[in-house]
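Chains, contacts and geometry: an overview
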2 protein chains.
Amino acid sequence: MALIHYPVVNKNGEVIASAVTNLDLHDIARASKTYGVIGYYVVTPLEDQKALVEKIISHWVTGVGAAYNPVRREALELIRVKDSVAAVIEDIRNSGEEMPKTVVTSAREYPRSIGYETFREMLETGSPYLLNFGTAWGLSESLISEADYVLNPIKGKCGYNHLSVRSAVSVILDRVMGVRSEK
Amino acid sequence: MALIHYPVVNKNGEVIASAVTNLDLHDIARASKTYGVIGYYVVTPLEDQKALVEKIISHWVTGVGAAYNPVRREALELIRVKDSVAAVIEDIRNSGEEMPKTVVTSAREYPRSIGYETFREMLETGSPYLLNFGTAWGLSESLISEADYVLNPIKGKCGYNHLSVRSAVSVILDRVMGVRSEK
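Now for a quick tour of the structure. (Residues numbered from 1 in each chain as written. Chains lettered and ligands numbered in written order. Predicted model: local features only at pLDDT ≥ 70, side-chain atom pairs only at ≥ 80, totals over all residues. Heavy atoms only, no water.)

1. As for the relation of the copies chain B and chain A
Least-squares fitting of chain B to chain A yields an RMSD of 0.0 Å, with the transformation described by 0.0 Å of translation along the axis and a rotation of 180°. Overall, the copies show the geometry of a two-fold rotation axis. Of the interface residues in chain B, 100% have counterparts in chain A that sit at the interface too, so the contact is made through matching surfaces. (Least-squares fit on C-alpha atoms with pLDDT ≥ 70 in both. Contact = heavy atoms within 4.5 Å.)

Shown next, in the form of C-alpha cells:
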C-alpha cells in the first residue's frame, strides 16, 4: 500500500505536495497490520517531511516508544518512506518480489472503476497489488490514468462521501481483506 | 453514536478521563455523516476539554472554516458535547426521540457479544440505538456491563487487532450501515 503526498491535488484541483499528518502514519500502519498488508509506503519528495516521518518511525520502532507500546512498533515498522511511486516500484523490484499491478482509489467514479468484490477476488489469487491512496483532495489525474486499476469510491447513504483518508483506508481494507466469517 | 473520554481505561486498566483528539472530531463526524448517523456525542466531563471541542466545532460550523470548507461544516454540526452517557440519554429524551438501547464496542470478545449482521438487522427495524466507542485503552468495564448489547471485536487476519478508534468507527459503520450494493 502507498499513501501519496505528491502528486495530489488541492481544493482547486492544482497539483501540490501535501504535508504528512502524524496520525496518517499511526492509523494507517495499525490498519495495515490488522488486515495483513505487507508494506506501507509513505510517498513524499520533500526532504523535511521525509526526515519528520523517519523521526516518528524511529521513536516507535527503535526508540522509547517501542518499549512503551510494543504493539505500536509492530505496526509502524511496516512503514517505508519513498520519493515517488516510481521509487516504490523500484524498491519492490529490488526486494525480489513479483512486480505488482497498481490500483488507485478516488472519491470519484471512473468508467473503468472496479468494485470491491472484484478486487477482493483479484487479491485472493495471490497476485501482488500496490494500492494507492491520496492525501489532500486526492490523487492527481496523471497517477489515476497511469494506474492499472481504479477502485470504486465509497458511497455514503445520503450522497455525502467525504471520508478522511484514514477512514477510507480502514473501510477499503476491511472490504477487500477483512475476515469474512465476522458476522 | 458517542465517543467516550470518561470512563475509559488506560494501559494498566485504571479508569481515567482521556484527552480529546482533534482528528477524532473530524474523522468520526465525517464517517457519521457518510453513513447516516443522526448525532455524534463527544462525552467528557472535563471543562477545558469541553471548551476545546466547542471552539473547534464553532470554527468549522459558524466560523471561517464554514466558508472555507462547507462539507466539513455538514459533518461537524453533528457533534454535541456532553458530560456523561447519562447526559447523552437525557439529551435524547429531551429531544422527544424514542429512548435508544445502548450498544458498546470493545476489542475484547464477551460471552454476550453480538455480530455485525445481527446489529445491522436490528438497525434496519428502525429502532434507535446509541453506539458507544471508547478512547484510550477502551471503555470501562462498568459501561460495558451496563450496556444493553456488546458488539463483537474487529478481528484481524494475523491476530493483531489494534485499530485506532477512528478506524474502528469507520469499519463498524461500514459493516452495519454501509450501502450493500457496493460490490
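2. Concerning helix 8 (residues 165-177) of chain A
Helical geometry note: an α-helix holds 3.6 residues per turn, so side chains three or four residues apart project in the same direction. With 13 residues, helix 8 of chain A extends 17 Å from end C-alpha to end C-alpha; this agrees with the ideal 18 Å at 1.5 Å per step. Buried residues dominate helix 8 of chain A, accounting for 13 of its 13 residues. (Helix = DSSP H or I, 4+ residues; strand = E, 2+ residues; numbered from the N terminus. Expected span 1.5 Å × (residues − 1). Buried < 20%, exposed > 50% of the residue type's maximum accessible area, 1.4 Å probe, protein only.)

3. Here we look at the pairing of strand 6 (residues 101-105) of chain B
All names here are of chain B. Within strand 6, four of the five residues are buried, leaving the element largely enclosed by the surrounding structure. Of the strand pairs in this sheet, strand 6 and strand 8 (residues 129-134) are connected by four bridges, and their pairing is parallel. Paired with Lys-101 across the strands is Tyr-129, a residue of strand 8. Of the strand pairs in this sheet, strand 6 and strand 9 (residues 149-151) are connected by three bridges, and their pairing is parallel. (Pairing = 2+ DSSP bridges.)

4. With respect to the packing of helix 1 (residues 22-35) of chain A against helix 8 (residues 165-177) of chain B
In the contact formed by helix 1 of chain A and helix 8 of chain B, the axes pass within 10 Å of each other and the chain directions differ by 55°. Of the possible angle classes, the one that applies to helix 1 of chain A and helix 8 of chain B is oblique. Between helix 1 of chain A and helix 8 of chain B, the contacting residues are Leu-23, Asp-27, Ala-31 and Tyr-35 of chain A on the first element and Arg-166, Ser-167, Val-171 and Arg-175 of chain B on the second. By residue class, the composition of the contact of helix 1 of chain A with helix 8 of chain B is four nonpolar, one polar and three charged. (Axes fitted to C-alpha atoms, helices over the stretch in contact; angles between N-to-C directions. Parallel < 35°, antiparallel > 145°, perpendicular 65-115°, else oblique. Nonpolar A, V, L, I, M, F, W, Y, C, P; charged D, E, K, R; others polar.)

5. Focus: the pairing of strand 5 (residues 79-82) of chain B
All names here are of chain B. Residue alternation in strand 5 divides its side chains into a buried set, Ile-79 and Val-81, and an unburied set, Arg-80 and Lys-82. Relative to strand 5, strand 4 (residues 40-43) runs parallel, the two sharing four bridges. Across the sheet, Tyr-41 pairs through a bridge with Arg-80, a residue of strand 5.

6. A few points about the nonpolar core
Among the nonpolar cores identified, the biggest contains 80 residues, and Tyr-40 of chain A together with Tyr-40 of chain B are the most heavily contacted of them. Not counting chain neighbours up to four residues away, the residues in contact with Tyr-40 of chain B comprise Met-1, Leu-3, Asp-24, Leu-25, Ile-28, Ala-29, Ser-32, Leu-78, Ile-79 and Arg-80 of chain B. (Core = buried A, V, L, I, M, F, W, Y, C linked by side-chain atoms within 4.5 Å.)

7. Let's talk about the interface of chain B and chain A
Contacts between the two partners involve 42 residues from chain B, matched on the other side by 42 residues from chain A. Between chain B and chain A the total buried area reaches about 3700 Å² when both faces are included, carbon and sulfur atoms providing 51% of it. At the junction of chain B and chain A, the tally comes to four salt bridges. As a salt-bridge pair, Arg-175 of chain B and Asp-174 of chain A come within 2.6 Å of each other at their nearest N and O atoms. Inspection of the chain B/chain A interface yields 20 residue pairs in polar contact (both at pLDDT 80 or more). Elements with a minimum of two residues in the side of chain B that touches chain A: helix 1 (22-35), helix 4 (70-76), helix 6 (116-124) and helix 8 of chain B. Here the side of chain B that touches chain A is composed, by residue class, of 16 nonpolar, 12 polar and 14 charged. (Buried area = accessible area lost by both parts, 1.4 Å probe. Salt bridge = Lys/Arg side-chain N within 4 Å of Asp/Glu carboxyl O. Polar contact = N/O pair within 3.5 Å; in protein donor to acceptor, adjacent residues only side chain to side chain.)

8. Focus on the sheet that holds strand 7 (residues 113-114) of chain B
The strands making up a sheet associate through hydrogen bonds between their backbones, and the pairing can be parallel or antiparallel. Residues and elements named next belong to chain B. Pairing in this open sheet of seven strands is parallel, and the strands run 5-4-1-8-6-9-7 from one edge to the other. A single partner strand is all that each edge strand has here, and the edge strands are strand 5 and strand 7. When strand 7 meets strand 9, the two strands line up parallel, connected through two bridges. Bridge pairing links Ser-113 to Val-150 in strand 9. Across the sheet, helix 5 (residues 85-94) touches strand 1 (2-4), strand 4, strand 5, strand 6 and strand 8, and the angle it forms with strand 4 is around 150°. Relative to the sheet, helix 8 contacts strand 1, strand 6, strand 8 and strand 9, its axis offset from that of strand 8 by approximately 150°.

9. Some thoughts on the packing of aromatic side chains
Residues and elements named next belong to chain B. Per the counting criterion, the structure on display carries four aromatic pairs over all chains. Relative to Tyr-129, the ring of Phe-119 has its centre 5.6 Å away and its plane inclined at 85°; by these criteria the two rings are edge-to-face. Of this pair, Phe-119 sits in helix 6 while Tyr-129 sits in strand 8, placing them 10 residues apart in sequence. Aromatic pair Tyr-129 and Tyr-149: ring centres 6.3 Å apart, planes at 65°, arrangement edge-to-face. Placement of Tyr-129 in strand 8 and of Tyr-149 in strand 9 is noted, with a sequence separation of 20 residues between them. (Phe/Tyr/Trp six-rings, centres within 6.5 Å; stacked < 30°, edge-to-face > 60°.)

10. Details of the pattern of salt bridges
Applying the stated criterion to the full structure yields 22 salt bridges over all chains. For the salt bridge of Arg-73 of chain A with Glu-77 of chain A, the shortest nitrogen-to-oxygen distance reads 3.4 Å. Taking the relative accessible area as the measure of exposure, Arg-73 of chain A reaches 27% and is therefore partly exposed. By relative accessible area, Glu-77 of chain A is classed as partly exposed at 42%. The residue Asp-83 of chain B makes a salt bridge to Lys-50 of chain B at a minimum N-O spacing of 2.7 Å.

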